[in-house]
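Notes for the structure review
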Amino acid sequence: MESFVLETKGISKKYRSTLALDNVSLKLEKGKIYGFIGQNGAGKTTLIRLITGLAFPTGGELALWGKSSEKELQEQRKRIGSLIEGPALYTNMTAYQNMEVQRIQRGIPDKSIIEKTLNLVGLSDTGRKKVRNFSLGMKQRLGIAVALLNTPEFLILDEPINGLDPAGIKEVRNLIKTLNKEYGMTILISSHILEELHNTATDFIFIDKGRIIEEISEAELNEKCKQRVEIKTSDPQKALMVLEQKLHAEKIKVMPDNTIQLYEYVDDLEKIAAALSNEDILVTGLTVKGDTLEEYFLNKIGGNA
Amino acid sequence: MAKLIKAEIYKLFHSIYLWCIFACYLVLNSILLVDYIKRGMTCLTSSLYFGFFLFFIIGAIAVLFFGNEFDQRVIQNYVTAGNSRTAIFFAKVIVFLTGSVSIIVITLLIHALIGMIFLGEPLDIKTIVCLIPSFIATCTVPVFIGFLFKDIGKTLAGSLIFFVLSVASVNTKGIMEWAIYLPDAQRLLAYKGVFFDYLPMNIIIDVIWTIVFLIASYAVFCRSNLK
């Protein structure tokens, strides 16, 4: 199916006695930005290595644009750009020369693509400076440029903002969004900076101990992580009525344990308390709750938020 | 594969290390052979003899060409770009062997020409040409070490161990009897002036040696997991 850029069916990878990936089934839809989240050693990079052909699965099936034979996969990989575990560069060469090697080996005839791509990542003015003299952030940006050289349909970025300063992080975030919007590029990003992923991705994949534990869209995640006021009262039904009539609250629901969840007035708890007490409703609990992506992830894997 | 070879050549011509290694090999070999010329040997035979002891410099190319590139994960870039491992393997091996053997052969040619021009020695091109298979076969060992370890440190250590074993072998009693079976020691046969007595067996052995090491190198690369 062309609508799926990547599809894995029960894919596993074993390194001697360690099971790095355990029966992973996944579908990545065209045109989305996927945030790939997991702890160190969870299996993120292993899966990326399998996708890019650096490693071979010990079980299961992997398909790129619906093609799954080894020969076909190799051909489909020409449509991928990747940055895996930091930039892979010739340190004794300039940024332009690094790009030229990549251009030649990919068989891209248009030389002007190099300038365009370097410009895109803000490295067009590095001149004769050798890559070994670049800062970590500059190397990272050049690594991204190498990944973008073939204008890929599927871009895989493993920790792309490592070593970047806040301005660089913002630039990369904007670049990713632009590439997705303008070129319809499907992007898979893994990062330890979860809040940054939250600002960028449209979908999230959580992985732990080699298993996919959840796939969730941004909307679903926001819903689950949303900031809300949790109200415990002596009379939930009356409290609900008061909140709707006096405060004109619309985003409100009563949970099975009779706790009221109110998705408005998060910064105005006094108003809620006053409205309820004016109607003689005893408020026994009034707290603001809501997870960050980091807290949500840690809760998912059973860690401490 | 043509575009990969083109990329490798571009890289070599824009990188200073190959030229530095060539200069180092040529200068060291030239300095060492001065002493031997005084002992009545020709420039070419002296160059052949010392070339053997300078093989560690050729090993350094393998360290940079394979070990370093696996370490910096630039070979991995070729794989992720959708190139077949077979094409990557052959592109790298062809360019490495061409570069390494060229350094050895050009150095020999320069010394043979110096001998001819300044000392009136005969220009023995035939010996140089016939030794090329043995140079290729010798250079396949660092290729194998590079593909086996995929790491700069281990490739360096492996190449040095191979070099030490080679030097030890030529200092072993009776080396001349079995030098034919070791491509790196075959230049001793040329040095002693008996190389052509063993033709074509020595060339057949070089070819077998080359094929075995290249097959082994390919086998460890084509199905290995890369960093």
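Reading the values: the criteria
- Residues numbered from 1 in each chain as written.
- Chains lettered and ligands numbered in written order.
- Predicted model: local features only at pLDDT ≥ 70, side-chain atom pairs only at ≥ 80, totals over all residues.
- Heavy atoms only, no water.
- Pairing = 2+ DSSP bridges.
- Helix = DSSP H or I, 4+ residues; strand = E, 2+ residues; numbered from the N terminus.
- Domains from an automatic or database assignment.
- Contact = heavy atoms within 4.5 Å.
- Buried area = accessible area lost by both parts, 1.4 Å probe.
- Salt bridge = Lys/Arg side-chain N within 4 Å of Asp/Glu carboxyl O.
- Polar contact = N/O pair within 3.5 Å; in protein donor to acceptor, adjacent residues only side chain to side chain.
- Axes fitted to C-alpha atoms, helices over the stretch in contact; angles between N-to-C directions.
- Core = buried A, V, L, I, M, F, W, Y, C linked by side-chain atoms within 4.5 Å.
- Buried < 20%, exposed > 50% of the residue type's maximum accessible area, 1.4 Å probe, protein only.
- pLDDT = per-residue confidence, 0-100.
- Phe/Tyr/Trp six-rings, centres within 6.5 Å; stacked < 30°, edge-to-face > 60°.
- Lys NZ or Arg CZ within 6 Å of the ring centre and 35° of its normal.

**Focus: the pairing of strand E2 (residues 18–29) of chain A**
All names here are of chain A.
- Bridge count for strand E1 (residues 4–15) against E2 is 8 bridges, and the pairing is antiparallel. Considered in E2, the bridge of Phe4 is made with Glu29.
- Connecting E1 to the antiparallel partner E2 that follows it, the hairpin turn spans 2 residues, and Arg16 within it adopts a positive phi of roughly 50°.

**Details of the domain arrangement of chain A**
- Per the domain assignment, the segments of chain A are domain 1 (4–216) and domain 2 (227–289).
- Between the C-alpha centres of domain 1 of chain A and domain 2 of chain A there is a distance of 46 Å.

**What to know about the interface of chain B and chain A**
- Taken residue by residue, the interface counts 29 residues in chain B and 32 residues in chain A.
- For the pair chain B and chain A, the two sides together bury roughly 2600 Å², of which 52% comes from carbon and sulfur.
- Applying the counting rule to chain B against chain A returns 1 salt bridge.
- When the shortest N-O distance is used, the salt bridge between Arg223 of chain B and Glu70 of chain A registers 3.1 Å.
- At the junction of chain B with chain A, the criterion picks out 14 residue pairs in polar contact (both at pLDDT 80 or more).
- Those elements giving two or more residues to the side of chain B that touches chain A turn out to be helix H1 (2–13) and helix H5 (74–80) of chain B.

**Comments concerning the sheet that holds strand E9 (residues 211–217) of chain A**
All names here are of chain A.
- The 6 strands are arranged E5-E6-E7-E3-E8-E9 in an open sheet whose pairing can be described as mixed. At either margin of the open sheet sits one strand with a lone partner, and together these are strand E5 (80–83) and E9. Taken over all neighbouring pairs, the strand axes of this sheet differ in orientation by 15° on average, direction set aside.
- Pairing of strand E8 (residues 203–208) with E9, which is carried by 6 bridges, proceeds in the antiparallel orientation. By the bridge assignment, Phe206 is partnered in E9 with Glu214.
- Running at roughly 95° to E9, helix H8 (residues 218–225) makes contact with E8 and E9 of the sheet.

**A closer look at the nonpolar core**
- Ile51, Leu64, Phe154 and Leu188 of chain A together with Phe96 of chain B are the most contacted members of the largest nonpolar core, which totals 103 residues.
- The dominant element in this core, judged by the number of residues it contributes, is helix H6 (residues 85–119) of chain B, at 14 residues.
- Setting aside its immediate chain neighbours within four residues, Phe96 of chain B contacts Ile58, Ile61, Ala62, Phe65, Phe66, Cys139 and Val143 of chain B.
- Judged by nonpolar contacts, the second largest core, of 47 residues, contains Leu157, Leu179, Leu197 and Leu293 of chain A.

**Considerations on unusual backbone geometry**
Residues and elements named next belong to chain A.
- With a phi close to 50°, Lys209 is a non-glycine residue in the positive phi region.
- Examined against the element boundaries, Lys209 turns out to sit in the loop between E8 and E9.
- According to the relative accessible area criterion, Lys209 is exposed, its value standing at 66%.
- A positive phi angle, close to 55°, is found at His248, a residue other than glycine.
- Mapped onto the elements of the fold, His248 is located in the loop between helix H9 (236–246) and strand E11 (252–254).
- Owing to a relative accessible area of 59%, His248 belongs among the exposed residues under this scheme.

**Considerations on the confidence of the model for chain B**
- With 98% of its residues at a pLDDT of at least 70, chain B reaches an overall mean of 89.
- Ranking the elements of chain B by mean pLDDT puts helix H9 (residues 175–178) of chain B last with 80 and helix H11 (residues 201–222) of chain B first with 94.

**Re the pattern of salt bridges**
- Counted by the stated rule, this structure contains 20 salt bridges over all chains.
- Arg49 of chain A is the partner of Glu85 of chain A in a salt bridge, and the nearest nitrogen-oxygen pair spans 3.0 Å. Here Glu85 of chain A, found in the loop between E5 and helix H3 (95–106), pairs with Arg49 of chain A, found in helix H1 (residues 44–52); they are 36 residues apart in sequence, far enough to count as distant.
- Residue Glu85 of chain A is classed as partly exposed on the basis of its relative accessible area, which comes to 43%.
- Residue Glu69 of chain B pairs with Lys92 of chain B through a salt bridge whose shortest N-O separation is 2.7 Å. Residue Glu69 of chain B is found in helix H4 (residues 55–71), and its partner Lys92 of chain B is found in helix H6; the two are separated by 23 residues along the sequence.
- Under the relative-accessibility criterion, Glu69 of chain B is labelled buried at 4%.

**Overview of the sheet that holds strand E4 (residues 59–64) of chain A**
Residue and element names in this part refer to chain A.
- Within the open sheet, the 3 strands sit side by side as E2-E1-E4. Their pairing is antiparallel. Each edge of the open sheet carries a strand with a single partner, namely E2 and E4. Recorded for the sheet is a direction-independent mean angle of 15° between the axes of neighbouring strands.
- Alignment of E1 against E4, held across 5 bridges, turns out to be antiparallel. The partner of Glu7 across the bridge, within E4, is Ala63.

**Notes on the packing of aromatic side chains**
- Enumeration according to the criterion identifies 23 aromatic pairs over all chains in this entry.
- Here the aromatic rings of Tyr49 of chain B and Phe50 of chain B are separated by 5.3 Å at their centres, their planes lie at 80°, and the arrangement is edge-to-face.
- Between Phe89 of chain B and Phe147 of chain B, the ring centres sit 5.0 Å apart and the planes meet at 45°, which makes this aromatic pair tilted. Placement of the pair is Phe89 of chain B in helix H6 and Phe147 of chain B in helix H7 (residues 125–149), with a sequence separation of 58 residues.
- Over the aromatic face of Tyr15 of chain A sits the side chain of Lys13 of chain A, whose NZ or CZ is 5.1 Å from the ring centroid.

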